[in-house]
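The chain contents come next:
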Amino acid sequence: MLRFEHDDRRRIAVATALTVVALPSLWLMSRDTSSGAPNVASVGVPIEAPAEPARTDAPEPLDAMGDAGTSYLDGPAASVVQEPITLAVAGLPDPTSAELSATFNQNVAIGTCLLAPGSYGRRVTVVNRDNQRSYECRVVTTALIEPGTIVLRTDAYTSIADLADAPVPVTIDW
């Protein structure tokens, strides 16, 4: 025999109470109140078309939105004032440096650092932005690391930051 814990019994009681309240409520809300009689078409009795209602000569209601016609096909009106467009652009970053986050791995070769593809063989200086310590290495590119990350050998990383601080914000200059 299956024995429920106290919490399980309470959950079942709440679910039952919600079901007992919800099902009749849904049934009452979904009833169609326009017709109380059953549909005779379901038993094969032909249905006559409803008679036309008596026509009154009342004016047609006005359309609140108006008639758009074909004006939406015309497109926007041409601008009369021909001024040059000026855009506010922030200053471009220095093309000889980039801000990344640095981490470490023991499997990186001595004197090299791993960077996302793009600058293979380039000699870079990695500067820790928190304490200004630096390290120079030659870039080896790999697609296995995230863009915006540079991976240093563990001993090289400890020359610019503590291992517990990884990853640290760095600037690389070339």
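Residues numbered from 1 in each chain as written. Predicted model: local features only at pLDDT ≥ 70, side-chain atom pairs only at ≥ 80, totals over all residues. Heavy atoms only, no water.

(A) Representation of the overall build of the protein chain in the model. Secondary structure summary: the protein chain contains two helices and six strands in total. Counting from the amino terminus, helix and strand elements in the protein chain follow one another as α-β-β-β-β-β-α-β. On the protein chain, roughly 14,500 Å² of surface is accessible, and the fraction owed to carbon and sulfur atoms is 58%. (Helix = DSSP H or I, 4+ residues; strand = E, 2+ residues; numbered from the N terminus. Areas by Shrake-Rupley, 256 points an atom, 1.4 Å probe, with all protein chains shown as cover.)

(B) Structural context of the sheet that holds strand β3 (residues 123–128). The strand order around the closed barrel formed by six strands is β1-β5-β2-β4-β3-β6, and the pairing between neighbours is mixed. Each adjacent strand pair in this sheet contributes to an overall mean axis angle of 45°, direction not counted. With six bridges joining them, strand β1 (residues 97–104) and strand β6 (residues 168–173) adopt antiparallel strand pairing. For A98, the partnering residue across the bridge sits in β6 and is I172. (Pairing = 2+ DSSP bridges. Axes fitted to C-alpha atoms, helices over the stretch in contact; angles between N-to-C directions.)

(C) A look at the packing of aromatic side chains. On inspection of all chains with the given rule, the structure shows one aromatic pair. With a centroid separation of 5.2 Å and an interplanar angle of 45°, the aromatic rings of F104 and Y157 are classed as tilted. Here F104, found in strand β1, pairs with Y157, found in helix α2 (residues 154–160); they are 53 residues apart in sequence, far enough to count as distant. (Phe/Tyr/Trp six-rings, centres within 6.5 Å; stacked < 30°, edge-to-face > 60°.)

(D) Highlighting the nonpolar core. In terms of nonpolar packing, the biggest core is built from 17 residues, with C113, V126, I150, L152 and V170 touching the most fellow members. Put simply, the parts of the chain that give this core at least two residues each are β1, β2 (112–115), β3, β4 (134–141), β5 (149–152), α2 and β6. (Core = buried A, V, L, I, M, F, W, Y, C linked by side-chain atoms within 4.5 Å. Buried < 20%, exposed > 50% of the residue type's maximum accessible area, 1.4 Å probe, protein only.)

(E) Up close: the state of the cysteines. This structure, assessed with the given rule, holds one disulfide. Bridging C113 to C137, the disulfide has an S-S length of 2.1 Å. Here the S-S torsion is close to 80°, and the disulfide linking C113 with C137 is therefore right-handed. Of the two residues, C113 sits in strand β2 while C137 sits in strand β4, which places them 24 residues apart along the sequence. Here the two residues C113 and C137 agree in accessibility, since each one is buried. (Disulfide = S-S within 2.5 Å.)

(F) Summary view of the side chain of R153. Counting through the fold element by element, R153 comes out in the loop between β5 and α2. Of the residues examined, R153 reaches a relative accessible area of 17% and is grouped as buried. Those residues in contact with R153 that sit more than four places away from it in its chain are F104, N105, Q106, V108, A109 and I110. (Contact = heavy atoms within 4.5 Å.)

(G) Spatial organisation of unusual backbone geometry. In the segment running from A166 into P167, the intervening peptide bond is cis, with an omega of -10°. When you line up the elements, P167 lands in the loop between α2 and β6.

(H) Examining the pattern of salt bridges more closely. Enumeration according to the criterion identifies four salt bridges in this entry. A salt bridge links D7 to R10; the shortest N-O distance between them is 2.5 Å. One end of the pair, D7, and the other, R10, are both in helix α1 (residues 6–30), three residues apart, so they sit about a helical turn from each other. With a closest N to O distance of 3.2 Å, E99 and R129 form a salt bridge. With E99 in strand β1 and R129 in the loop between β3 and β4, this residue pair connects regions lying 30 residues apart in the sequence. On the accessibility criterion, R129 (34% relative accessible area) is partly exposed. (Salt bridge = Lys/Arg side-chain N within 4 Å of Asp/Glu carboxyl O.)

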